[in-house]
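# Coordinate inspection notes
These are the residues of each chain, in order.
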Amino acid sequence: MPELPEMENYRRLLSQSIVNVPITNVVVNREKSLNVPVDEFTSVLKGSKVIFVERRGKHLVFHLHNGGRLLLHLMLGGILYLGRIDEERPPRSTQVEITFGDQVLYFIGLRLGYLHFLTAKEADDALKELGPELLDRRMTKARFVQLIGKRRGALKTTLVNQQVVAGIGNCYADEIAFDARIHPLTKIQDLSEQSLEQLYDSTVKVMNEATDGGGYMEMPFQEGDQLTGAYNDECKVYDREGEPCVRCGTAIAKAEHTSRKVFFCPHCQHEA
């Protein structure tokens, strides 16, 4: 599932490509991906412009010039692709296609995800339960330690809880724990303040590096894009079961916790 780095990478690329470009056509191949009838969705979008692309946690919010919002959540398996009309169509089935000038933005894999048209207030309401943004300037080390330190339960479960902090999922929770040298199933209440401070440093480091590295998406955003997905090769533990740890050479282990896969180094990462 796309996490903060993947969605922030998309936000940056979309901000360079579609902002203030008139929408000239809309194709909907799966009505269930929407929250309004296809005719209404199409009529509202045609002729409008996206004036700003915002990311909130794992969501993207497209701000339209008419005050409306498009709220996107890719969920599991969703990706975006931008191609020139009739020349760069992706080899995948699409659920929604929105044409901006001479380019088409393809929404792919929205079987579980969605693209909803909302008012500004409805969009705010839909996102109000999300926790604070990790990379926001207001997220200081002290605030992070306070937020995380008052929780109970496994570290990974806390990090992926979108109501605690927004944007971390399975992959980066494991990568953060590895960087901090903390076992991902360590109980939050057993961590010292020093460990929580290290956790903050590792969170900022990993999320910034992953974002600047294009995240781990499986497909380029557009032709010639060599950034999107490049961070997949940089992951140290996630989906690396049996591979040698980059720090000590011990084989990376895999476990399960609350139906989630957990990857870690059994030598470098000890439970508190």
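First things first, this report covers the structure right here in the doc. (Residues numbered from 1 in each chain as written. Predicted model: local features only at pLDDT ≥ 70, side-chain atom pairs only at ≥ 80, totals over all residues. Heavy atoms only, no water.)

## Focus on a nonpolar patch on the surface
Test applied: A patch consists of residues exposed above 30% relative accessible area that lack any salt bridge, with like charges linked at up to 9 Å and nonpolar side chains (Val, Leu, Ile, Met, Phe, Trp, Tyr) linked at up to 5 Å. Reported accessibility uses the Shrake-Rupley method at a 1.4 Å probe radius. Residues are deemed covered only where the shown protein chains occlude them. Criterion for a salt bridge: a side-chain nitrogen of Lys or Arg within 4 Å of a carboxyl oxygen of Asp or Glu. Counting from the N terminus, the helices are DSSP H or I runs at least four residues long and the strands are E runs at least two residues long. Throughout, exposure labels follow a simple rule: accessible area from a 1.4 Å probe, protein chains only, divided by the maximum for the residue type, with under 20% read as buried, over 50% as exposed, and the rest as partly exposed.
A cluster of nonpolar side chains, contributed by Met1, Leu76 and Leu112, occupies part of the molecular surface with about 300 Å² of accessible area. Examined against the element boundaries, Met1 turns out to sit in the segment before α1 (4–17). Judged by its relative accessible area of 35%, Met1 falls in the partly exposed class.

## Concerning the environment of Arg138
The topology assignment puts Arg138 in the loop between α3 (120–127) and α4 (141–149). You can call Arg138 exposed: its relative accessible area is 56%. Taking the C-alpha atoms as reference points, Arg138 and Leu64, separated by 74 residues in sequence, lie 27 Å from one another.

## Brief notes about the side chain of Gln162
As a reminder, the rule being used: Within 3.5 Å is the distance limit for a polar contact, defined as a pair of N or O atoms, with the added protein rule that one can donate a hydrogen and the other accept it, and that residues adjacent in sequence qualify only through two side-chain atoms. Whether two residues are in contact is decided by their heavy atoms: any pair within 4.5 Å suffices.
Examined against the element boundaries, Gln162 turns out to sit in the loop between α5 (155–159) and α6 (170–180). Among the polar contacts made by the side chain of Gln162, one reaches the main-chain carbonyl oxygen of Val160 at a distance of 3.1 Å. Polar contacts involving the side chain of Gln162 include one to the main-chain carbonyl oxygen of Ile168, which spans 2.8 Å. For Gln162, the residues in contact, after removing those within four places along its chain, are Lys58, Glu129, Leu130, Gly131, Gly167 and Ile168.

## So, the packing of α4 against helix α7 (residues 193–212)
Let me state the cut-off plainly: Helix axes use the C-alpha atoms of the stretch in contact, all axes being lines fitted to C-alpha atoms, and the angles between their N-to-C directions lie in the range 0 to 180 degrees. A crossing counts as left-handed when the near helix is turned anticlockwise from the far one by less than a right angle, and as right-handed when that turn is clockwise.
Relative orientation of the contacting elements α4 and α7 amounts to 115 degrees, with a least axis distance of 9 Å. Note that α4 runs across α7; the crossing there is right-handed. Residues Lys141, Phe144, Val145, Ile148 and Gly149 of α4 touch α7, and the partners they reach there are Glu193, Leu196, Glu197, Leu199, Tyr200, Asp201 and Thr203.

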